[in-house]
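Each chain, letter by letter, is given below.
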Amino acid sequence: MEEKKEFKKDQKRKDNKKPFKKAPTKTLDEIIVETKAVVKVTKGGRQRRFQAVVLVGDKKGLVGLGTGKAAEVSEAVKKARQDANKNVVRIPIIDGRTIPHEVVGGKGATRVIIKPAKEGTGLIAGGAVRSVLEIAGYRDITSKSLGSRKKINVARATISALQSLKTAEQVAEARGKSVEEILG
């Protein structure tokens with residue numbers, strides 16, 4: 001009778017099979033931002049495919065954006081979901097509802113301004129900005145989109161803005177001061 005061996009995560013097996021992977025522990029919510037038909041013109045005619053843009057998040061500070069292309073819409077959405085799960089980032093949420101300070105993010109010709117708001121204000125945002133903020137878990141924010149209105153660029157600009165946020169603790173640590181000295 002053969003002896004069973006214990007393998008650590010990502011350890012190669014001697015029989016050249018793939019390493020053991022851990023199953024994902026939590027599932028993320030998803031929002032389909034956009035699906036559209038795209039066409040590639042070739043010598044033989046037009047090749048029609050579909051592109052999907054998907055956001056994933058847990059409404060507690062995790063958010064990811066992904067894109068996918070395929071011959072069928074459902075396959076494109078599946079690919080986009082997988083891409084979004086690979087690109088998940090953690091962003092700060094203050095008091096479980098807003099951001100610590102005003103921030104501007106950009107992607108291409110798109111600019112997005114995001115400002116914190118008082119409790120009870122709600123999400124004052126439209127289109128892809130609203131989708132990103134909802135899936136991230138924010139409840140009180142005002143925003144403005146400037147420049148190009150392409151949904152994917154607006155979503156990327158919003159995530160870029162959220163990634164550049166710094167909490168009071170992070171600023172205090174970087175400056176070598178206490179949080180009370182930073183806040184005044």
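Residues numbered from 1 in each chain as written. Predicted model: local features only at pLDDT ≥ 70, side-chain atom pairs only at ≥ 80, totals over all residues. Heavy atoms only, no water.

1. Topic: unusual backbone geometry
Alright, step 1. Of note in the backbone geometry, lysine 59 takes a positive phi value of approximately 60° without being a glycine.
Alright, step 2. Among the secondary structure elements, lysine 59 is positioned in the loop between strand E2 (45-57) and strand E3 (62-70).
Alright, step 3. The phi dihedral of aspartate 95 is positive, around 55°, even though this residue is not glycine.
Alright, step 4. Examined against the element boundaries, aspartate 95 turns out to sit in the loop between strand E4 (89-90) and strand E5 (103-107).
Alright, step 5. By relative accessible area, which is 63% here, aspartate 95 ends up exposed. (Helix = DSSP H or I, 4+ residues; strand = E, 2+ residues; numbered from the N terminus. Buried < 20%, exposed > 50% of the residue type's maximum accessible area, 1.4 Å probe, protein only.)

2. Digging into the side chain of aspartate 140
Alright, step 1. Here aspartate 140 lies in the loop between helix H2 (127-136) and strand E8 (141-147).
Alright, step 2. Under the relative-accessibility criterion, aspartate 140 is labelled buried at 5%.
Alright, step 3. Beyond its immediate sequence surroundings of up to four residues, aspartate 140 is in contact with Arg97, Thr98, Pro116, Ala117, Lys118, Glu119, Gly120, Thr121 and Gly122. (Contact = heavy atoms within 4.5 Å.)

3. Considerations on the sheet that holds E8
Alright, step 1. With respect to topology, four strands assemble into an open sheet ordered E5-E6-E8-E7, the strand pairing being mixed. At either margin of the open sheet sits one strand with a lone partner, and together these are E5 and strand E7 (123-124).
Alright, step 2. Across two bridges, E7 lies against E8 in parallel orientation. Paired with isoleucine 124 across the strands is threonine 142, a residue of E8.
Alright, step 3. Contacts from helix H3 (residues 151-163) reach E5, strand E6 (110-116) and E8 within the one sheet, and its direction differs from that of E5 by about 140°. (Pairing = 2+ DSSP bridges. Axes fitted to C-alpha atoms, helices over the stretch in contact; angles between N-to-C directions.)

4. Overview of the pairing of E2
Across a regular strand the side chains alternate sides, sitting on one face of the sheet and then on the other.
Alright, step 1. In terms of strand pairing, strand E1 (residues 29-42) meets E2 through 13 bridges, oriented antiparallel. Counted as the bridge partner of valine 38 is arginine 49 from E2.
Alright, step 2. Here E1 hands over to E2 after two residues, the two strands then running antiparallel side by side.
Alright, step 3. Relative to E3, E2 runs antiparallel, the two being bridged by eight bridges. The partner of valine 53 across the bridge, within E3, is threonine 67.
Alright, step 4. In this antiparallel pair of consecutive strands, E2 and E3, the connection spans four residues, and lysine 59 shows a positive phi of 60°.

5. Regarding the nonpolar core
Alright, step 1. In terms of nonpolar packing, the biggest core is built from 28 residues, with Leu55, Ile99, Ile114, Leu133, Tyr138 and Leu162 touching the most fellow members.
Alright, step 2. Every element with two or more residues in this core is listed here: E2, E3, E6, H2 and H3.
Alright, step 3. Ranked by residues supplied to this core, first place goes to H3 with seven residues.
Alright, step 4. Counting residues in each nonpolar core, the second largest holds eight residues, with Val56, Val77, Ala80 and Ala84 among its members. (Core = buried A, V, L, I, M, F, W, Y, C linked by side-chain atoms within 4.5 Å.)

6. As for a positive patch on the surface
Alright, step 1. On the surface, a cluster of positive charge is made up of Lys36, Lys40, Arg49, Lys69, Lys79 and Lys150.
Alright, step 2. Mapped onto the secondary structure, lysine 36 falls in strand E1.
Alright, step 3. Given a relative accessible area of 33%, lysine 36 falls into the partly exposed group. (Patch = residues over 30% accessible without salt bridge, like charges linked within 9 Å, V, L, I, M, F, W, Y side chains within 5 Å. Areas by Shrake-Rupley, 256 points an atom, 1.4 Å probe, with all protein chains shown as cover. Salt bridge = Lys/Arg side-chain N within 4 Å of Asp/Glu carboxyl O. Lys, Arg positive; Asp, Glu negative; His and termini not counted. Charge placed at Lys NZ, Arg CZ, Asp CG, Glu CD.)

7. Here we look at the pairing of E6
Alright, step 1. Sheet topology note: the E5/E6 ladder contains five bridges and is antiparallel. Each bridged residue has a counterpart across the sheet, and for glycine 105 the counterpart in E6 is valine 112.
Alright, step 2. From the end of E5 to the start of E6, which pair antiparallel, there are two residues, and glycine 108 there has a positive phi angle of about 60°.
Alright, step 3. Note: E6 against E8, seven bridges, orientation antiparallel. Across the sheet, the residue bridging to proline 116 is isoleucine 141, located in E8.

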